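# Fold and geometry: a report
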Amino acid sequence: AFQLLDRDDEGNGRYTVTLASEARAYLASLGHSSPVRIPSNMYIWATMNSADQGVLPLDSAFKRRWTMEYVGLNDGEEAVRDWEIKFPFLTNPIKWNTFRRTVNSHLEQQGVAEDRLLGPFFMTPRELARKGDFESKILQYLRDDVLRHAPNRLFSGSPSIGGLMDAYRRGDNIFVPEIKFDEN
C-alpha cells in the first residue's frame, strides 16, 4: 500500500489503484476511463511531534516516500513576541517567549529532549490570558508528560499535580529556585 505514494518525475503516482466496480463505473460516467493513480496536483500535508503519546515510530518504507522538513523549536517565535503571561507570584506580566525559553533552558539542562519543550504556539493568546488555562494546559503537561517521574527537577513543593495547582492558586512560586523570570 505504501507504493501508492510513490511518484514519477512529473509528480504523478507510479502505480495504479484498482477500484471497486461501482467506483470505476462512476468515474467512467464522468469521462474518466484511464487507470486511477495519484495525480501530480494532489498533496498530503501532515505534521508530527514524536513526543506525542500514541505516536509510534514510522516505518522507514513509509517515511522515505515523504518529503520531510524539520521545524525548529523556536521557528516562528517572532510572531508571538508581544504575547504575555501573568503569574500570581510576579508583580508584572512577562513575555511568553521569556517564560518558555527560561523553562526550556532549564529542562534541557535536566536532559529533557527537544521534542518535549514548549514551542511558541503551545498556547494561544486567549489561553495565556484566561484564568486556569496555564494550570490545566502547561502545568499538567510539564508535570504529567515531561517530568512524570521527576517533577522536582522543575517544581518546588508538592510533587502531585493537585499540590502543584493548589500552590500556584495560592500565589506561591511553584518553580525551583534556579529558575528566574525577568519581569518586563
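Structural notes, computed from the coordinates. From a predicted model like this one, the values you see are computed outputs, not experimental measurements. (Residues numbered from 1 in each chain as written. Predicted model: local features only at pLDDT ≥ 70, side-chain atom pairs only at ≥ 80, totals over all residues. Heavy atoms only, no water.)

This brings us to the side chain of Asn97. With respect to the helices and strands, the residue Asn97 is situated in helix α3 (residues 96–109). Since its relative accessible area comes to 12%, Asn97 is described here as buried. Polar contacts involving the side chain of Asn97 include one to the main-chain carbonyl oxygen of Glu77, which spans 3.2 Å. With residues up to four places along the chain from it excluded, the contact list for Asn97 reads Glu77, Val80 and Arg81. (Helix = DSSP H or I, 4+ residues; strand = E, 2+ residues; numbered from the N terminus. Buried < 20%, exposed > 50% of the residue type's maximum accessible area, 1.4 Å probe, protein only. Polar contact = N/O pair within 3.5 Å; in protein donor to acceptor, adjacent residues only side chain to side chain. Contact = heavy atoms within 4.5 Å.)

Now for the pattern of salt bridges. Using the criterion set out here, one finds 10 salt bridges in the structure. For the salt bridge of Arg81 with Glu78, the shortest nitrogen-to-oxygen distance reads 2.6 Å. Classification of Arg81 as partly exposed rests on a relative accessible area of 45%. The exposure class assigned to Glu78 is exposed, which follows from its relative accessible area of 51%. (Salt bridge = Lys/Arg side-chain N within 4 Å of Asp/Glu carboxyl O.)

Moving on, we get to the environment of Leu128. Counting through the fold element by element, Leu128 comes out in helix α4 (residues 125–129). For Leu128, a relative accessible area of 10% gives the class buried.

This paragraph deals with the packing of aromatic side chains. Each pair of aromatic rings is reported with the distance of its centres and the angle of its planes. All chains considered together, the criterion is met by 16 aromatic pairs. Here the aromatic residues Phe87, Phe89, Trp96, Phe99, Phe134, Phe155, Tyr168, Phe175 and Phe181 are joined through ring pairs into a cluster of three or more. (Phe/Tyr/Trp six-rings, centres within 6.5 Å; stacked < 30°, edge-to-face > 60°.)

Another point: a nonpolar patch on the surface. Taken together, the side chains of Leu4, Tyr15 and Val17 define a hydrophobic patch exposed on the protein surface, amounting to about 210 Å² of accessible area. Assessed through its relative accessible area of 37%, Tyr15 is described here as partly exposed. (Patch = residues over 30% accessible without salt bridge, like charges linked within 9 Å, V, L, I, M, F, W, Y side chains within 5 Å. Areas by Shrake-Rupley, 256 points an atom, 1.4 Å probe, with all protein chains shown as cover.)

Core analysis: the largest hydrophobic core is formed by 35 residues, its most contacted members being Phe99, Phe134, Leu142 and Phe175. Where this core is concerned, the elements lending two or more residues are α3, α5 (133–146) and α6 (161–170). With near-sequence residues (within four places) excluded, Phe134 lies in contact with Ile85, Phe87, Phe99, Met123, Leu139, Tyr168, Ile174 and Phe175. (Core = buried A, V, L, I, M, F, W, Y, C linked by side-chain atoms within 4.5 Å.)

Before going further, it helps to spend a moment on the packing of α5 against α6. Contact geometry of α5 with α6 gives a least axis separation of 11 Å together with a crossing angle of 135°. The orientation of α5 with respect to α6, classified from their angle, is oblique. Note that α5 runs across α6; the crossing there is right-handed. For the pair α5 and α6, contact is made by Phe134, Glu135, Ser136, Leu139, Gln140, Arg143 and Asp144 and by Ile161, Leu164, Met165, Tyr168 and Arg169, respectively. For the contact of α5 with α6, the per-class residue count stands at six nonpolar, two polar and four charged. (Axes fitted to C-alpha atoms, helices over the stretch in contact; angles between N-to-C directions. Parallel < 35°, antiparallel > 145°, perpendicular 65-115°, else oblique. Left-handed = near helix turned anticlockwise from the far one by under 90°. Nonpolar A, V, L, I, M, F, W, Y, C, P; charged D, E, K, R; others polar.)

So yeah, pure geometry; function would need other evidence.
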